[in-house]
Amino acid sequence: MSHHQQHQSTVERLDRPSTYYEKSSKRNRDDAANKEDPLKDATTLYVGNLSFYTTEEQIHELFSKCGEIKRLVMGLDRFAKTPCGFCFVEYYTHEDALDCMKYIGGTKLDERIVRTDLDPGFKEGRQYGRGKSGGQVRDEYREDYDAGRGGYGRSLQGGKEMGSEYD
Amino acid sequence: MVDRGGRYERDNRERDRGGFRDQGRPQHFKKRRYQDDDEREYRHQRPRYEDPMVRLRKDVLAIAESPLIKVEDSIRSIAKSLSAHWDHEAIRKGFVTLIKTLVVEQPFKIPFVAAIVLCANAQKHEIGKLVLDEFAAQLQEYLDKCEWRNFKLTLRFMGSISCMLDGEGVATLLNDLANLTGDLAAEGGSSGLSEELSFVILITIPYILTAAPGGITEEFLTTLIERLEGMQVTSAVEPLLSPYAGPNAPYPPMNNTSLLLKALKDEAASGFKFEILARPWEPFLAELEAATKHFFPTISMPTALEGGTIFPKIYFSVFQGAVHETVPPPTSITSSILRDSIGDTIGLLDFNRIACARFLIDVDCYFSPNAFLKRATPFDKIPEVAEGKSTWKPEDVCVDAIFTNIFQLPQPEHKLVYYHATLTEVCKLAPQAVAPSLGRAIRYLYRNLESMDVELRYRFIDWFAHHLSNFGYTWKWTEWIPDLELSKVHPRRSFIQEAVEKEIRLSFANRIKSTLPEQYCDLVPEDKEKELPDFKFESDDIAFPEEGKQLLNLIRQKAPNEEVDTLMNAITDAANNKGLPDPSKYARDMYMTCICHIGAKSLSHVLSCIERCKDKLTQLGQESSQAQRQIVGTVMRYWAEQPGIGANVIDKLLNYSILTPLSVIEWVILDAGGEALPRGHAWEMVNTTTRKVVLRTRNLASARGEDLPEEQIAIAEQQHEVAKAEQAELFKVVMEGLGRYEDGGVVVGKEGTSGEDVELLKWWAASWLRALKRQRDIEEAEEAMRVNAGAGAGAMEEDGEEEKGGDENAMEEEA
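Residues numbered from 1 in each chain as written. Chains lettered and ligands numbered in written order. Predicted model: local features only at pLDDT ≥ 70, side-chain atom pairs only at ≥ 80, totals over all residues. Heavy atoms only, no water.

The name an unreviewed UniProt entry assigns to chain B is MIF4G domain-containing protein, from the organism Arthrobotrys flagrans.

An unreviewed UniProt entry lists chain A under the name Nuclear cap-binding protein subunit 2, with Arthrobotrys flagrans given as the organism. Listed under Sequence similarities (unreviewed entry) in UniProt, the entry text for chain A is "Belongs to the RRM NCBP2 family." One UniProt comment on chain A, placed under Subcellular location (unreviewed entry), says "Nucleus". (UniProt positions renumbered as here; feature names shortened; annotations may be inferred.)

Draft legend 1. View of the confidence of the model for chain A. Residues and elements named next belong to chain A. Scored by pLDDT, chain A comes out at a mean of 84, with 79% of its residues at no less than 70. Scored below 50 in pLDDT, residues 1–6 shows nine contacts in the model against residues more than four places distant or in partner chains. Segment residues 159–167: pLDDT under 50, and three contacts once partners within four positions in sequence are set aside and those in other chains are kept. (pLDDT = per-residue confidence, 0-100. Contact = heavy atoms within 4.5 Å.)

Draft legend 2. Layout of the side chain of Arg 770 of chain B. All names here are of chain B. Within the secondary structure layout, Arg 770 lies in helix 33 (residues 755–791). Looking at Arg 770, its side chain comes within polar contact range of the side chain of Ser 242, at 2.7 Å. Apart from residues lying up to four places away in sequence, Arg 770 is in contact with Pro 239, Leu 240, Leu 241, Ser 242, Tyr 244, Ala 245 and Asp 453. (Helix = DSSP H or I, 4+ residues; strand = E, 2+ residues; numbered from the N terminus. Polar contact = N/O pair within 3.5 Å; in protein donor to acceptor, adjacent residues only side chain to side chain.)

Draft legend 3. Unusual backbone geometry, seen in detail. Residue and element names in this part refer to chain B. The linkage connecting Leu 409 with the following residue, Pro 410, adopts the cis geometry, with an omega of 0°. Take Pro 410: it is sitting in the loop between helix 17 (394–406) and helix 18 (416–429). In the Ramachandran plot, Phe 544 falls in the positive-phi region, its phi being about 60° despite a non-glycine side chain. Tracing the sequence through the fold places Phe 544 in the loop between helix 22 (509–515) and helix 23 (545–556). A positive phi is found at Ser 657, a non-glycine position, where the angle reads about 60°. Of note, Ser 657 is situated in the loop between helix 29 (643–655) and helix 30 (661–672). In this structure Ser 657 comes out as exposed when scored by relative accessible area, which is 55%. (Buried < 20%, exposed > 50% of the residue type's maximum accessible area, 1.4 Å probe, protein only.)

Draft legend 4. Just the interface of chain B and chain A, in detail. Taken together, the contact pairs 60 residues of chain B with 44 residues of chain A. Carbon and sulfur atoms make up 49% of the surface buried where chain B meets chain A, a total of about 4600 Å² over both sides. Per-residue buried area on chain B facing chain A is highest for Phe 351, Arg 353 and Lys 415 of chain B; these three make up 15% of the total on that side. Put simply, chain B and chain A have eight salt bridges between them. Note that Asp 350 of chain B is salt-bridged to Lys 102 of chain A, the shortest N-O span being 2.8 Å. (Buried area = accessible area lost by both parts, 1.4 Å probe. Salt bridge = Lys/Arg side-chain N within 4 Å of Asp/Glu carboxyl O.)

Take a look at the structure:
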């Protein structure tokens, strides 16, 4: 990506997009080389590893330390329409979004380490979990118990919830 | 995390394995990961052939990092491999580029990189020549672009290789810079640049003298110091930048440049020792003497000096006056050298706070070997461990440097949250060593709250709560229990209250309550634990309770405007008939209360409700001159138990232009009155609002200078004049309002407020006044500078921040 190559720092930068985005754009790599970097002026961040109970107010309190927040979209369970542990935070400037990567990503909110990633921008529909049972995919088969994210992975929670979409 | 050579990679990996990422994972998951890792290591980490530049880069970057490796061995081996491979262009280019970057990213390593270059030059003089030429070109570029920090550090490197310089070396350059400083100072020095340049020149001196004793005569330097002393000008705004005010300030305000100047004069008298600095070239002195020397290229002074105001840096420390002196005294040269170098490291590495924290923890690797106490020495063990040697505690020195940034007025270089995060990382890297230092820092700041600037006091609260939120909210709250008895408006009692409020905003009431001793339970009343605040029209002891419930239903059901208007008009008529004063205020209050209640579930809810009702709200705000202030009051009353949320709602109403900045300010200063002054949210509301206004004026000011068609410039000019007038009006209201509280023209506090509390509230008014006067004076001075610059060489560049408009604020409507 073009802005990666200004000059090579002697220390890794924390305001680079994660491999998630690079991986997901790899599919059309051929034309990606010619296209402009979609994250060049990104003002939005994907925020992950939130507790299901973390509120917009809490997110606002922490993330506004990097600049005024233009929009906050909570990630919701596709069926239950309840928070499912991620959100999109949009700032007014690209600089604020980069600062958020540098200063907030990897720190705690509601006693959990949050993960931030630059995002090309929120689009309607992306606020919903893409897992089979409505939440995020990572909560589907998780084998550890995470009280902040609904206990064990949903597919492992026995037959009760399985098939509840037929009710 | 840090590119610091293979030796460390393994360590880092080990650390990551023990880190948060794997906690709680089932065992077989971990195992598989480990195997993956090991395989990868096996496949990729042991190439048969290693590119010499890759190797060189690793070795140079790792210089001095490990106390287990003798630094002279590293220097010798790098110099040797450099001269062996110098014929390769990739090595020449790669090395010079690398060390140019290293110097301006990791300033701690400058003396060590200098030693590498000196040694390599002794083996192959072409190396020294190329490095010198390339650095001179780089130095010229920084000078022309007025990038003062990079200029300073590049100059420091060149000063550190003084012993391979022929003739006058950097002396001519220092003289030219002093002349430039003199010219600027003679013009009044209002931009602060003359002071900055003085500092750059002065702080270079210790490095030159350490690198080449006798290379530049002490006489020359003594004269230079005296010349610069004669050029000192005090900026008009400086008195407003001191962190403490009043008779109980822990120490008098001290300017960093003046401290450095004074320290250097003392050093001159005692023969320039600079014991703190590392001298990694010393083992090679015999070789270096025989090496080829090079002429220092000519550097020309810049023709145009650009850039905004540089504010004077004021000394700040959280470890003054302790039983054991854990940081060097402010007047010592050691203090200036360390604070400058650590300060630059923090300022430069904001793009990787974890690497920054690592450097801070390792600070003792980069200075003279016995400059510091052993790491993690407990405070009470200092006398026996020090045994008459240094008592500087590396953790304290670093913690002090980070706090210096948080408490820098008017603003630190980076966003405050960067310094919060760096302190968090330092604590994570070395909890046992750093946590006690932090504890002493917190107690020191707490003890001095009564003298602390109100803006800094708020920064302290904000940092404290944020920090605790990263460490399970644990703090020794028990030691402050006696202070709970103090009056609610006492600075210490108010600190406790506001810190708890801030914690709740990051978490929730029940959680925070569980972290506090029971004596604190009054600070978290049950009302704070409620999911939704009460809707006041549910109660009967209020005017128009039935109508309130009706209106709530109408708005909730999105009833047609006419129905809402009919009901509201009926209320106003009824109030009028009852002969109540300001009859329209009942319906206004009711409408805003309903919106708050419908939107109480979350910020998105209230925003979508505001969005839907914004025309009506705008109209209500224009009904009378007091209407907007009343709307602010309604919101804050609804959120009385969680005023932080109220303040957020107000901020959004401001973005929608439903409220004017003036109405928010008037409500806080005039309506909420004196009792609100000790409250964090009150300061936050005023501070956020004035900063928004100021930013808008600045943006319009910079628009004037842009390359626009004439009529658009005229429009920008006009808008700027209007914005300037509004800003002036805003500050006038603030100053007059607070002034009346301060001088007792208006009695602060309700009837029955004790005499002591009245005095405390007056004190609050005075400290608010000082902080807001600072904001105003700085803006006025900046504007005056812009006008001058515009009249001269054309308008200067401003950071073109996007203007923040309300209509973009629409949130996604939720189901």
